[in-house]
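A structural walkthrough
Spelled out from the first residue to the last, the chains are:
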Amino acid sequence: MDSVVTLRPPDKASALARFDIYPAYLRRLDDEQISTPLAAILALTELIENSNADTMFELVKALNDGAEELKRRASNPISLNAGCELFTAFVTLFPHDSANFADLKRELVRQGQKYAVEALTYRRKIAELAVGFIKDGSVILTHSYSRVVMQTLLLAHERKRISVFVTEARPRGLGIKTAEALTAAGIPSTVILDSAVAYVMEKVDFVLVGSEAVVESGGLINAVGSNQMAIIARAANKPFYALAESYKFHRLFPLSQYDLPSHHSKILSFPRPETATSLAKDEHGKKPSVRITQEQISENNPDVDYTRPDLISLVFSDVGSLTPEGVSQYLVGMFAG
Amino acid sequence: MDSKNIPRGLKIFSHFGLPKPVGHTVKGDIHPAIIRLGLLFSEFRICGANARAIATLTAFKKVIQDYTTPAQSSLSRHLVTHLSPQITHLVAARPMSVTMGNAIRQLKLEISKMDFDMVEQEAKNSLCEKIDNYIRDRIIFADEVIQDLAGKKIKDGDIILAFARSSIVEKVLLRAHEEGKKFSVIVVDSPPLLEGCKALLTTLTNTSPNPIPCTYALLPALPSLLTEVTTVLLGAHALFSNGAVYSRAGTALVAMMAKGHGVPVVVCCETYKFSEGVMVDGFGKNELAPSKITRSTGDSINVTPSTNLEILNPLYDLTPPTFITAVVTEVGLIPPSSISSIPLALGKSTL
């Protein structure tokens, strides 16, 4: 990361050309290590660099507008939202005693970039913390693909013997990616069907999942299937651990599955029934069959689900290992008042 | 003396003493505003935690303005002693609510912090201003924020269940309706006060331009209605540190049944209603409705106490935190387990 930050001089052309935050965000996401909230924070720092706001009020307004734009165009707004809110809160609370506003903007950009660099170390911190809970010879169940879970498992493999079951995580099938990476590293791992979670739960010592966001209630938002896994783990009395970096803590409070911002009317909707004329019987007197494609299935199904806090045993984060109640106390302490 | 005709008294809840008779006895030098307030309280004309707190503070403003510091004493020391008999008179009319207690405690704190050298009229004006600010910030503005936050959880097509009458739930529903959301309300009510019918239902069905579609039912009908309900909105008299909600009798039943049916239970509560204690049941602290109120339901069956029959009407009950999904306060939506961290977040050491 550069230590010198240069602000582009506000010439007429760039003043007229609106800074497009969405491509900046996508560019940041190209880096494998950067997750969506961090990419959002970095995109917002770029917005500050290119902004010609002269007062704090204008700057905060520009940031809020930028965040709205990102939310509108990104497909998965929840974790992105968490990053945007964190950065906007940081900017608002930043002590602005420097006389020169340009200096302040430069400082904010620097702080933003510094945070992003530091945030990349969070996964290591969480891995170190979680490895303490993994006993030698553990059988672990995980879901889909999560970078922080990968780092934890690879770190645990350096010191102990573990074996891993990974769910396939349809329809995107990211669980296969996890199993391939683990096998390449020498960790015994198998892909299991999403429907076989209850079948395998008795053999497992604990469940470890990553997160899209950890919410105000202490609950978890993660790839669809996590809630199912948590319910089955509770029924089989197995611990359910979630790994989450602190920039994924979000002030959202879903009252139910359908109260999530990602919920839209197409999910779980019934396709319009074909009318009698269009399903006219052919000459043999048989109705033409209805074909349902994999694409239609992915469209009608959710990407993420909400796991209630009473199903989660612990949340491991860079701020420490928290109970779900502890998460909400941390969030209230950070954002309330 | 015929011993058969003496009522034996309540066996349980007898530690609250008999329900206060509606008395007009005034002990000591009580300000007329306080006498009037005491009468309104004992007749249940002013009902509800917010209403009582605002009425008490408004009456105290009059008392403070009419007060003169005796010679050889200062306002900050003597005013509190002057207020004590007034408070006792109010408590004799009807036991103090948690909101009144918190407000009075704050008032006493402000009085003790008053500058020794301040001119008396200035001090009195400053106190009245502080009282106004307290009402404005912690009740009126807090309600505005809660209306916003809770309103976001109401979507088109929702069926909301409300129990009895809570001033803040009423405001939330009216605001959501003003914003154009299309929802319907089920008002569940319970005797003896029947606040749902007399107050909440009339307000909701009289909204313009088009009234909110409402269903009215008594508490025993609850199980058959819960399958239709999207969210349950409840008000609170007080919220304790362990997350338990102290509210109108019947609230605990509604919350428990809703939880059993997987319906989210949302409690709307301003932060000034928080109490630092911990409560685990409705027996330690409660209030019994006086018999005058019990008999005002106007039924043909008039139950009168006799040697073998006593009427028991507790006004409040306690909802354990496990039945509550979320609490809406002016600092945001919080799970009931995090209530104790709110004072820290607000930068205060106490509530």
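Check the entry above for the structure.
Things to note about the overall build of chain B
- Secondary structure summary: chain B contains eleven helices and eleven strands in total.
- Looking at chain B residue by residue over its 351 residues, the buried ones come to 49%.
- Across chain B, the fraction of contacts at a sequence separation of at least 24, relative to all contacts at a separation of at least 6, is 80%.
- Accessible area of chain B: about 16600 Å², with a carbon and sulfur share of 57%.

Here's the deal with the environment of Leu38(A)
- Along the polypeptide, Leu38(A) turns up in helix 3 (residues 36-49).
- In this view, Leu38(A) contacts Tyr115(A), Ala116(A), Ala119(A), Leu120(A) and Tyr247(A); residues no more than four positions away in its chain are not counted.

Structural notes on the side chain of Ser247(B)
Residue and element names in this part refer to chain B.
- In this structure, Ser247 sits in strand 6 (residues 245-248).
- Within the structure, the side chain of Ser247 is placed 3.0 Å from the backbone oxygen of Gly235, a separation counted as a polar contact.
- A distance of 3.4 Å separates polar atoms of two side chains, one belonging to Ser247 and the other to Thr251.
- In this view, Ser247 contacts Gly235, Ala236, His237, Leu315, Tyr316 and Asp317; residues no more than four positions away in its chain are not counted.

Some words on the sheet that holds strand 8 (residues 274-275) of chain B
Residues and elements named next belong to chain B.
- Spatially, four strands are ordered 8-5-6-9 in an open sheet, and the strand pairing comes out mixed. At either end of the open sheet lies a strand with only one pairing partner, and these are strand 8 and strand 9 (316-319).
- Sheet analysis places strand 6 next to strand 9, joined by four bridges and oriented antiparallel. If you follow Arg248 over to strand 9, its bridge partner there is Tyr316.

So, the interface of chain B and chain A
- Counting residues at the interface gives 19 residues for chain B, matched by 13 residues for chain A.
- For the pair chain B and chain A, the summed buried area comes to about 1200 Å², and 63% of that belongs to carbon and sulfur atoms.
- Seen at the junction of chain B and chain A, the total is two salt bridges.
- Salt-bridge contacts for Asp259(A) lead to Lys155(B); the nearest nitrogen and oxygen are separated by 2.7 Å.
- Of all the secondary-structure elements, those providing two or more residues to the side of chain B that touches chain A are strand 11 (332-334) and helix 11 (342-345) of chain B.
- When residues in the side of chain B that touches chain A are grouped by element, the largest group, three residues, is from strand 11 of chain B.
- When the residues that make up the side of chain B that touches chain A are grouped by side-chain class, the tally is ten nonpolar, seven polar and two charged.

Observations concerning the packing of aromatic side chains
- Applying the stated criterion across every chain yields a total of twelve aromatic pairs over all chains.
- Seen in terms of ring centroids, Tyr122(A) and Tyr247(A) are 6.2 Å apart; in terms of plane orientation they differ by 25°. Their pairing is stacked. Linking Tyr122(A) in helix 7 (residues 122-131) with Tyr247(A) in the loop between strand 7 (240-243) and helix 12 (294-300), this pair joins segments that are 125 residues apart in sequence.
- The class for Tyr122(A) is buried, based on a relative accessible area of 7%.
- Residue Tyr247(A) is classed as buried on the basis of its relative accessible area of 1%.
- One aromatic cluster in this structure is built from Phe133(A), Phe206(A), Tyr241(A) and Phe316(A).
- The side chain of Lys177(A) reaches across the aromatic face of Tyr145(A), ending 4.1 Å from its centre.
- The residue whose ring lies beneath Arg52(B) is Phe41(B), and the NZ or CZ to ring-centre distance is 5.6 Å.

With respect to a nonpolar patch on the surface
Residues and elements named next belong to chain A.
- A surface patch of nonpolar side chains, about 290 Å² in accessible area, is lined by Val290, Ile292 and Ile297.
- Along the chain, Ile297 falls in helix 12.
- A relative accessible area of 35% means that Ile297 is categorised as partly exposed.

Some details on the sheet that holds strand 10 (residues 320-322) of chain A
Residues and elements named next belong to chain A.
- Within the open sheet, the seven strands sit side by side as 3-2-1-4-7-9-10. Their pairing is mixed. Looking at strand neighbours, the two that pair on one side only are strand 3 (189-192) and strand 10, the edges of this open sheet. The sheet shows a mean angle of 25° between the axes of neighbouring strands, taken without regard to direction.

What about the packing of helix 2 (residues 49-65) of chain B against helix 5 (residues 120-152) of chain B?
All names here are of chain B.
- Their axes nearest at 9 Å, the elements helix 2 and helix 5 cross at an angle of 170°. If you check the angle between helix 2 and helix 5, you find them roughly antiparallel. Residue-level contacts link Asn50, Ile54, Leu57, Lys61, Ile64 and Gln65 of helix 2 to Gln121, Lys124, Asn125, Leu127, Cys128, Ile131, Asp132, Tyr134, Ile135, Ile139 and Asp143 of helix 5.
- Along the lines of polarity and charge, the residues of the contact of helix 2 with helix 5 split into nine nonpolar, four polar and four charged.

What to know about the packing of helix 3 of chain A against helix 5 (residues 77-93) of chain A
Residue and element names in this part refer to chain A.
- Running from N to C, helix 3 and helix 5 cross one another at 45°; their axes reach a closest spacing of 7 Å. Between helix 3 and helix 5, the interaxial angle falls into the category oblique. Taken as a pair, helix 3 and helix 5 cross one another with a handedness that is right-handed. On helix 5, the residues that touch Thr36, Pro37, Ala40, Ile41, Leu44, Thr45 and Ile48 of helix 3 are Ser79, Leu80, Gly83, Cys84, Leu86, Phe87 and Val91.

Some words on the nonpolar core
- Ranked by size, the top nonpolar core spans 35 residues in total, and within it Tyr25(A), Ile48(A), Leu59(A), Leu70(A) and Val91(A) carry the most contacts.
- The set of elements that each furnish at least two residues to this core consists of helix 2 (21-29), helix 3, helix 4 (56-73), helix 5 and helix 6 (101-119) of chain A.
- At nine residues, the largest contribution of residues to this core is made by helix 3 of chain A.
- In terms of nonpolar packing, the next biggest core, distinct from the first, is built from 32 residues, Ala33(B), Leu79(B), Leu107(B) and Ile135(B) among them.

Observations regarding the pattern of salt bridges
- Taken as a whole and assessed by the stated rule, the structure comprises 32 salt bridges over all chains.
- Put simply, Glu68(A) and Lys71(A) hold a salt bridge, and the shortest N to O gap is 3.3 Å. With Glu68(A) and Lys71(A) both in helix 4 and three residues apart, this pair spans about one turn of that helix.
- Note that Glu287(B) is salt-bridged to Arg94(B), the shortest N-O span being 2.7 Å. Taken together, the residues Glu287(B) in the loop between strand 8 and helix 10 (291-294) and Arg94(B) in the loop between helix 3 (75-93) and helix 4 (98-112) connect sequence positions 193 residues apart. As far as the burial class goes, Glu287(B) and Arg94(B) line up, both buried.

Points about helix 6 of chain A
Residue and element names in this part refer to chain A.
- In this model, helix 6 (19 residues) spans 27 Å end to end at C-alpha, consistent with the 27 Å of a helix rising 1.5 Å per residue.
- Looking only at helix 6, the buried set comprises Phe101, Leu104, Lys105, Leu108, Val109, Gly112, Gln113, Ala116 and Ala119.
- As for helix 6, its buried residues are in contact with helix 3, helix 4, helix 5 and helix 7.

Thresholds, definitions, all that
Residues numbered from 1 in each chain as written. Chains lettered and ligands numbered in written order. Predicted model: local features only at pLDDT ≥ 70, side-chain atom pairs only at ≥ 80, totals over all residues. Heavy atoms only, no water. Helix = DSSP H or I, 4+ residues; strand = E, 2+ residues; numbered from the N terminus. Buried < 20%, exposed > 50% of the residue type's maximum accessible area, 1.4 Å probe, protein only. Contact = heavy atoms within 4.5 Å. Areas by Shrake-Rupley, 256 points an atom, 1.4 Å probe, with all protein chains shown as cover. Polar contact = N/O pair within 3.5 Å; in protein donor to acceptor, adjacent residues only side chain to side chain. Pairing = 2+ DSSP bridges. Buried area = accessible area lost by both parts, 1.4 Å probe. Salt bridge = Lys/Arg side-chain N within 4 Å of Asp/Glu carboxyl O. Nonpolar A, V, L, I, M, F, W, Y, C, P; charged D, E, K, R; others polar. Phe/Tyr/Trp six-rings, centres within 6.5 Å; stacked < 30°, edge-to-face > 60°. Lys NZ or Arg CZ within 6 Å of the ring centre and 35° of its normal. Patch = residues over 30% accessible without salt bridge, like charges linked within 9 Å, V, L, I, M, F, W, Y side chains within 5 Å. Axes fitted to C-alpha atoms, helices over the stretch in contact; angles between N-to-C directions. Parallel < 35°, antiparallel > 145°, perpendicular 65-115°, else oblique. Left-handed = near helix turned anticlockwise from the far one by under 90°. Core = buried A, V, L, I, M, F, W, Y, C linked by side-chain atoms within 4.5 Å. Expected span 1.5 Å × (residues − 1).

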